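# Geometric and topological summary
So you can see what is in the structure, the chains are spelled out below.
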Amino acid sequence: MGKDTVVITYPFSTSEILVDTAIARGYEPLILLPRIDSATIDMVCGFVREMFKGRAECIECKNDVDDALSKLSGRNIVAVMPGNDVGIGLVDQLCKRLNLPGNDPDSSWRRTTKYGMNKSLAEKGLPHIVTEIIKDTDQLRSVWEDQKLDVAVLKFTESAASVGMKVCHSLDEAIAHFNNMREVGNNVGSKDVDILLQEFAI
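To start, this report covers the structure provided alongside it. Please read all numbers here as calculations on a predicted model, not as lab measurements.

Rules and cut-offs
Residues numbered from 1 in each chain as written. Predicted model: local features only at pLDDT ≥ 70, side-chain atom pairs only at ≥ 80, totals over all residues. Heavy atoms only, no water. Helix = DSSP H or I, 4+ residues; strand = E, 2+ residues; numbered from the N terminus. Contact = heavy atoms within 4.5 Å. Pairing = 2+ DSSP bridges. Axes fitted to C-alpha atoms, helices over the stretch in contact; angles between N-to-C directions.

## Section: the environment of Lys114
- Mapped onto the fold, Lys114 is located in helix H6 (residues 114-123).
- Once the C-alpha coordinates of Lys114 and Glu158 are considered, the two residues, 44 residues apart in sequence, prove to be 9.6 Å apart.
- Once residues within four sequence positions are removed from consideration, Lys114 is found in contact with Thr131, Lys155, Leu196 and Gln198.

This is the structure:
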């Protein structure tokens, strides 16, 4: 058994600070790279390995808590942290399974998705905007007309850098963009990601 290990998943954004802080405090940082089938992710994994060369070991796993745990077996893990918001769900599950301090996995979607955040506000009677996960153009038309929307935003529930997001000023524009999103996919090319319709609030 080696040093106490701090695991960092989805290592982007604040990851360099987390790695350097772990080292400074005498811990061994470990970068966990969940794999998603995408050429973009292949490129990112290569970039991450180069960025942390000599500072932190990088290991890959499936985007699955059981596979991640198998890759972490035999290490004295004292903390698991997300390198960015995409990793929060996996971190919540890992912390629970490893009996480490963390958040309830059942609350992950409420803290990390626009739909979950807005639904939580609505359930508490707090001000919120119209927010619906749209499965097809018939549902899109129904929500638009029932809510009497003039302007609304379409976005992927999982993406980055505003890829796919558009402010639509008519139902026809929204339907056309919805179909385009289904054809093109999100920032990693996934076409089966949920699409969110949100009231445009100023």
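## Describing the sheet that holds strand S2 (residues 28-35)
- Spatially, four strands are ordered S3-S2-S1-S4 in an open sheet, and the strand pairing comes out parallel. Where the open sheet ends on each side, the last strands, each with one partner, are strand S3 (57-62) and strand S4 (77-82). Strand after strand, the sheet turns through a mean of 25 degrees between neighbouring axes, direction not considered.
- Here strand S1 (residues 5-9) pairs with S2 via five bridges, running parallel. Among the inter-strand pairings, Val6 is bridged to a residue of S2, identified as Pro29.
- Its contacts with the sheet put helix H3 (residues 65-72) on S1, S2, S3 and S4, and the angle it makes with S3 is roughly 145 degrees.

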